[in-house]
Amino acid sequence: MNLSDIKNIKGLKYIVATLVFVALILFIDDYSLRVSSRLSRQVRELHDQERELSQAILQDSSANAQLRDNLDAKEHYGREHYYMKRPNEDIFVIK
């Protein structure tokens, strides 16, 4: 072995060590690229779900305020959801 072969082996060691480190970071580590992309996708889905739930809360709050204040709205809600009726009245449910 001459001096150039030894330098090539040292260089090869660094290349192998770098490749092992990159493979470790990309695939094997707890915070690998795969896990990181999955977690960021979950975060996006949770933000979308939060936006939808916030809109639902606003709609329910306005409906709640209307039911609190308006007697006709209460009657309409009771008739629609609980099939309530007045005396001497028949209700036909068509599905």
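Residues numbered from 1 in each chain as written. Predicted model: local features only at pLDDT ≥ 70, side-chain atom pairs only at ≥ 80, totals over all residues. Heavy atoms only, no water.

## With respect to helix H3 (residues 71-82)
So, point 1. For H3, built from 12 residues, the straight-helix expectation of 16 Å at 1.5 Å per residue is met to within 8% by its first-to-last C-alpha distance of 16 Å.
So, point 2. Sitting at the amino-terminal end of H3 is Asn70, which places a side-chain oxygen 3.1 Å from the backbone nitrogen of Asp72. (Helix = DSSP H or I, 4+ residues; strand = E, 2+ residues; numbered from the N terminus. Expected span 1.5 Å × (residues − 1). Polar contact = N/O pair within 3.5 Å; in protein donor to acceptor, adjacent residues only side chain to side chain.)

## A closer look at the packing of aromatic side chains
So, point 1. Considering all chains together, one arrives at one aromatic pair under this definition.
So, point 2. Centre to centre, the rings of Tyr77 and Tyr82 are 6.2 Å apart; their planes meet at 70°, and the pair counts as edge-to-face.
So, point 3. By relative accessible area, Tyr77 is classed as partly exposed at 34%. (Phe/Tyr/Trp six-rings, centres within 6.5 Å; stacked < 30°, edge-to-face > 60°. Buried < 20%, exposed > 50% of the residue type's maximum accessible area, 1.4 Å probe, protein only.)

## Observations regarding unusual backbone geometry
So, point 1. At Tyr83, a position not held by glycine, the phi torsion is positive, near 55°.
So, point 2. For Tyr83, the position within the fold is in the segment after H3.

## Examining a nonpolar patch on the surface
So, point 1. Taken together, Phe21, Val22, Leu24, Ile25, Leu26, Phe27, Ile28 and Leu33 make up a surface patch of nonpolar side chains, about 750 Å² in accessible area.
So, point 2. In this structure, Ile25 sits in helix H1 (residues 3-28).
So, point 3. Ile25 gets classed as partly exposed once you look at its relative accessible area, which sits at 34%. (Patch = residues over 30% accessible without salt bridge, like charges linked within 9 Å, V, L, I, M, F, W, Y side chains within 5 Å. Areas by Shrake-Rupley, 256 points an atom, 1.4 Å probe, with all protein chains shown as cover. Salt bridge = Lys/Arg side-chain N within 4 Å of Asp/Glu carboxyl O.)

## As for the environment of Ala65
So, point 1. Relative to the elements of secondary structure, Ala65 occurs in helix H2 (residues 33-69).
So, point 2. On the accessibility criterion, Ala65 (27% relative accessible area) is partly exposed.
So, point 3. Considered as a pair, Ala65 and Leu39 are 26 residues apart in the sequence and their alpha carbons are 38 Å apart.

## Describing the confidence of the model for the protein
So, point 1. The pLDDT averaged across the protein works out to 85; a share of 92% of its residues lies at or above 70.
So, point 2. Ranking the elements of the protein by mean pLDDT puts H1 last with 78 and H2 first with 94. (pLDDT = per-residue confidence, 0-100.)

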